[in-house]
Amino acid sequence: MDVSDLHSRLADRNGPKGDGSAADAAWLVVDAASDLGDEVAVAACRRVIDAGLTGRPAASCDLQLVQDYFR
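Along each chain, numbering runs from 1 in the same order as the chain's sequence is written. Local features in a predicted model are, by the rule used here, given only for residues with pLDDT of at least 70; side-chain atom pairs are given and counted only at 80 or more, and totals for whole chains, interfaces and linings are based on all residues. Hydrogens and water are ignored here; the side-chain numbers use all heavy atoms of the structure.

A. Spatial organisation of the pattern of salt bridges. Take a side-chain nitrogen of Lys or Arg and a carboxyl oxygen of Asp or Glu: if they are within 4 Å of each other, that pair is a salt bridge. Inspection of the entire model under this criterion finds 2 salt bridges. Between Asp 62 and Arg 47 there is a salt bridge; the shortest N-O distance is 2.8 Å. Of the two residues, Asp 62 sits in helix α4 (residues 60-68) while Arg 47 sits in helix α3 (residues 39-54), which places them 15 residues apart along the sequence. Buried means the residue's accessible area, taken with a 1.4 Å probe over protein chains only, is under 20% of the maximum for its type, while exposed means over 50%, and partly exposed covers the values in between. Accessibility expressed as a relative area gives 43% for Arg 47, which makes it partly exposed. Salt-bridge contacts for Arg 71 lead to Asp 68; the nearest nitrogen and oxygen are separated by 3.5 Å. Classification of Asp 68 as partly exposed rests on a relative accessible area of 29%. Runs of H or I in DSSP of at least four residues are treated as helices and runs of E of at least two as strands, each being numbered from the N terminus.

B. Spatial organisation of the nonpolar core. Residues belong to a common nonpolar core when they are buried Ala, Val, Leu, Ile, Met, Phe, Trp, Tyr or Cys residues joined through side-chain atoms within 4.5 Å. Ranked by internal contacts, the top residues of the largest apolar core, which has 14 residues, are Ala 26, Val 29, Cys 45, Val 66 and Tyr 69. Only α2 (22-36) and α3 provide two or more residues apiece to this core. Examining the composition of this core, we find that 6 residues originate from one element, α2, more than from any other. Excluding residues within four positions of it along the chain, Val 66 makes contact with Ala 22, Ala 25, Ala 26, Val 29, Cys 45 and Val 48. Residues count as neighbours in contact if any of their non-hydrogen atoms are within 4.5 Å of one another.

Written out as structure tokens, the structure reads:
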């Protein structure tokens with residue numbers, strides 16, 4: 001999966017706005033990171049997803065990893 005696939009999947013998931021939340025992006029990244037055996041990224045994604053589910057802010061370093069994973 002490349003960056004354009006990620007953006008289109010987020011746009012499809014979030015409707016016409018395509019503004020995508022950090023947790024939505026983390027779900028996509030955790031799949032790829034898991035396939036690659038990237039345990040550090042998987043752990044960061046899980047923290048971002050948990051934060052999204054509980055309504056608390058995610059750590060900026062975890063958000064940065066999710067945002068930059070496919071670059």
